[in-house]
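Tertiary structure, described
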Amino acid sequence: MPSPASQFPAATEASTQGRELALVLGAGGARGLSHIPVLEALDELGVKPALIVGCSMGAIIGAAYAAGLTGRELRQHAVHGFRDRARVIARLLDARVGKFTDLMRGLGNPVLVDGERLLDLFWPEAVPDRFEDLAIPFAALAADYHLHCEVSLSQGPLTPAVAASLAIPGLVRPVVIEGRVLIDGGAINPLPYDRLLAPHRIVMAVDTSAPATVSDSRVPEPLEAMVGVSQILMRTLVQRMIDRNPPDLLIRAGVDGIGGLDFFKVQAILDASEPVKEEVKRRLGALLEG
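Scoring rules and cut-offs
Residues numbered from 1 in each chain as written. Predicted model: local features only at pLDDT ≥ 70, side-chain atom pairs only at ≥ 80, totals over all residues. Heavy atoms only, no water. Salt bridge = Lys/Arg side-chain N within 4 Å of Asp/Glu carboxyl O. Buried < 20%, exposed > 50% of the residue type's maximum accessible area, 1.4 Å probe, protein only. Patch = residues over 30% accessible without salt bridge, like charges linked within 9 Å, V, L, I, M, F, W, Y side chains within 5 Å. Areas by Shrake-Rupley, 256 points an atom, 1.4 Å probe, with all protein chains shown as cover. Lys, Arg positive; Asp, Glu negative; His and termini not counted. Charge placed at Lys NZ, Arg CZ, Asp CG, Glu CD. Helix = DSSP H or I, 4+ residues; strand = E, 2+ residues; numbered from the N terminus. Contact = heavy atoms within 4.5 Å. Phe/Tyr/Trp six-rings, centres within 6.5 Å; stacked < 30°, edge-to-face > 60°. Lys NZ or Arg CZ within 6 Å of the ring centre and 35° of its normal. Polar contact = N/O pair within 3.5 Å; in protein donor to acceptor, adjacent residues only side chain to side chain. Pairing = 2+ DSSP bridges. pLDDT = per-residue confidence, 0-100. Core = buried A, V, L, I, M, F, W, Y, C linked by side-chain atoms within 4.5 Å. Axes fitted to C-alpha atoms, helices over the stretch in contact; angles between N-to-C directions. Parallel < 35°, antiparallel > 145°, perpendicular 65-115°, else oblique. Left-handed = near helix turned anticlockwise from the far one by under 90°. Nonpolar A, V, L, I, M, F, W, Y, C, P; charged D, E, K, R; others polar.

Further remarks concern the pattern of salt bridges. One pass over the full model with this rule turns up 16 salt bridges. The closest approach of N and O atoms between D262 and K265, which form a salt bridge, is 3.7 Å. For K265, a relative accessible area of 40% corresponds to the partly exposed category. When the shortest N-O distance is used, the salt bridge between E278 and K281 registers 3.1 Å.

Let us look at a negative patch on the surface. A surface patch of like charges, here negative, comprises E116, D120, D129 and D133. Considering the arrangement of structural elements, one finds D133 in the loop between α6 (115–122) and β3 (138–144). The class for D133 is exposed, based on a relative accessible area of 52%.

Attention now goes to the side chain of S165. Locating S165 in the fold gives a position in helix α7 (residues 158–165). By relative accessible area, which is 0% here, S165 ends up buried. With residues near it in sequence (within four places) discarded, S165 still touches G54, C55, S56, A59, A140, L141, A142, D184 and G185.

Take the packing of aromatic side chains next. Geometrically, a pair of aromatic rings is defined through the distance of the ring centres and the angle of the planes. Taken as a whole, this structure holds 3 aromatic pairs when the rule is applied. Look at F82 and F263: their rings are 5.5 Å apart centre to centre, the planes differ by 15°, and that puts the pair in the stacked class. Of this pair, F82 sits in the loop between α3 (71–81) and α4 (85–94) while F263 sits in the loop between β8 (249–252) and α9 (266–272), placing them 181 residues apart in sequence. Note on F82 and F264: the rings are 6.2 Å apart at their centroids and 85° apart in plane angle, and the pair reads as edge-to-face. Taken as a pair, F82 in the loop between α3 and α4 and F264 in the loop between β8 and α9 lie far apart in primary sequence, 182 residues in all. An aromatic cluster is defined as three or more aromatic residues linked by ring pairs; in this entry it consists of F82, F263 and F264. Lying over the aromatic face of F264, R85 brings its terminal NZ or CZ to 4.1 Å of the ring centre.

Right, let's talk about the side chain of S34 for a bit. Position of S34 among the secondary structure elements: in the loop between β1 (20–25) and α1 (35–45). Within polar-contact distance, the side chain of S34 engages the backbone oxygen of R31 at 3.0 Å. In contact with S34, other than residues within four places in its own chain, are T208, A253, G254, V255, I269 and S273.

The element strand β6 (residues 180–184) is extensively covered by neighbouring structure, given that 4 of its 5 residues are classed as buried. Here β3 pairs with β6 via 3 bridges, running antiparallel. Looking across to β6, one finds that D144 is bridged to L182. Taken together, the 3 bridges between strand β5 (residues 175–177) and β6 define a ladder with antiparallel strand orientation. Across the sheet, the residue bridging to V176 is V181, located in β6.

This next bit is on the confidence of the model for the protein. Detailed reading of the predicted model is not advised wherever pLDDT is low. Scored by pLDDT, the protein comes out at a mean of 87, with 88% of its residues at no less than 70. Across residues 1–6, confidence stays below pLDDT 50; counting only partners more than four residues off in sequence or on other chains, it has 19 contacts. Within the model, pLDDT remains below 50 along residues 100–107, and this stretch shows 5 contacts once partners closer than five positions in the same chain are excluded.

Time to look at the environment of L74. Structurally, L74 is set in helix α3. As a C-alpha pair, L74 and P37 span 37 residues in sequence and 9.5 Å in three-dimensional space. With residues near it in sequence (within four places) discarded, L74 still touches I36, L39, I61, A64, Y65, L69 and P124.

One finds L42, F138, L153, L158, V162, M204 and I251 to be the most contacted residues of the largest nonpolar core, which totals 69 residues. F8, L51, Y193 and V238 belong to the second-largest nonpolar core, a separate cluster that totals 15 residues.

The next thing to look at is the environment of D271. Checked against the element boundaries, D271 lands in helix α9. Sequence separation between D271 and V255 is 16 residues, and the spatial gap between their C-alpha atoms is 9.7 Å.

With their axes 8 Å apart at the nearest point, α1 and helix α10 (residues 275–289) run at an angle of 45° to one another. Judged by the inter-axis angle, α1 sits oblique to α10. With respect to the hand of their crossing, α1 and α10 are arranged in right-handed fashion. Every residue of α10 that contacts α1 at P37, V38, E40, A41, L42, E44 and L45 is listed here: V276, K277, V280, K281 and L284.

Turning next to the packing of α6 against α7. Two numbers describe how α6 lies on α7: the axes approach to 8 Å, and their chain directions differ by 110°. By the criterion of interaxial angle, the relationship of α6 to α7 is roughly perpendicular. Crossing hand, α6 versus α7: right-handed. Across from G115, E116, L119 and D120 in α6, the residues of α7 making contact are T159, P160, V162 and A163. Each residue belonging to the contact of α6 with α7 can be placed in one class, and the counts come to 4 nonpolar, 2 polar and 2 charged.

Take a look at the structure:
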């Protein structure tokens, strides 16, 4: 049975002079690529998180970082992976669950993809198959579709757990684990830091949810609208959490003007996110020194 949301894996000792660092990487679709410069900043500081928790895109990147890949390696992998548009589209088509003929027969969704196959296609080979083989304790946050509650996954097979965390309804097929139907964790807790707050640790939460943009009369395409509604919901949930009980360190790393599906803008996202590295080093460095 997936572990309850109140339970996370035990943290390892971190180089934070007595206070462990818990790193929380939030949901955000393509905007979540902005997590990578944050990880590069940690590498440059020489600080290793004692625990990583990720939701949706944050779970994809968080699991890879927990596996031992550096921020620079993740940057290179992302840039290389999305350089060839035709190859990416071919892989997405290969990961599809439905067929266009099914739509005509009323049997399915032709754009729905299998999250596990998607991860197998796009994850670095260094990411292991099980949580227990990660270098840093890690948890992926998903949502139980039927029970309307968050679920923290931190043991057993890694790929289905992260696939559940990113299973955006209508785009990625839900994942059944131990009899529970799990969907995108962003539907219930896009930045799951609240249960980690404790006197003995520094909780750094990285928010990549989308802020409101300049008023625009353009009507979004159906797929864009589906993802856009999810982004609105996530931003609203995150802001309410922060207003009620903020993390020790909040980093807003998302890039303005980037949609949830703009993965082919990876280089622009990373370039625009570059200033966050100095912010992380300055603000986290001050907390560690204090």
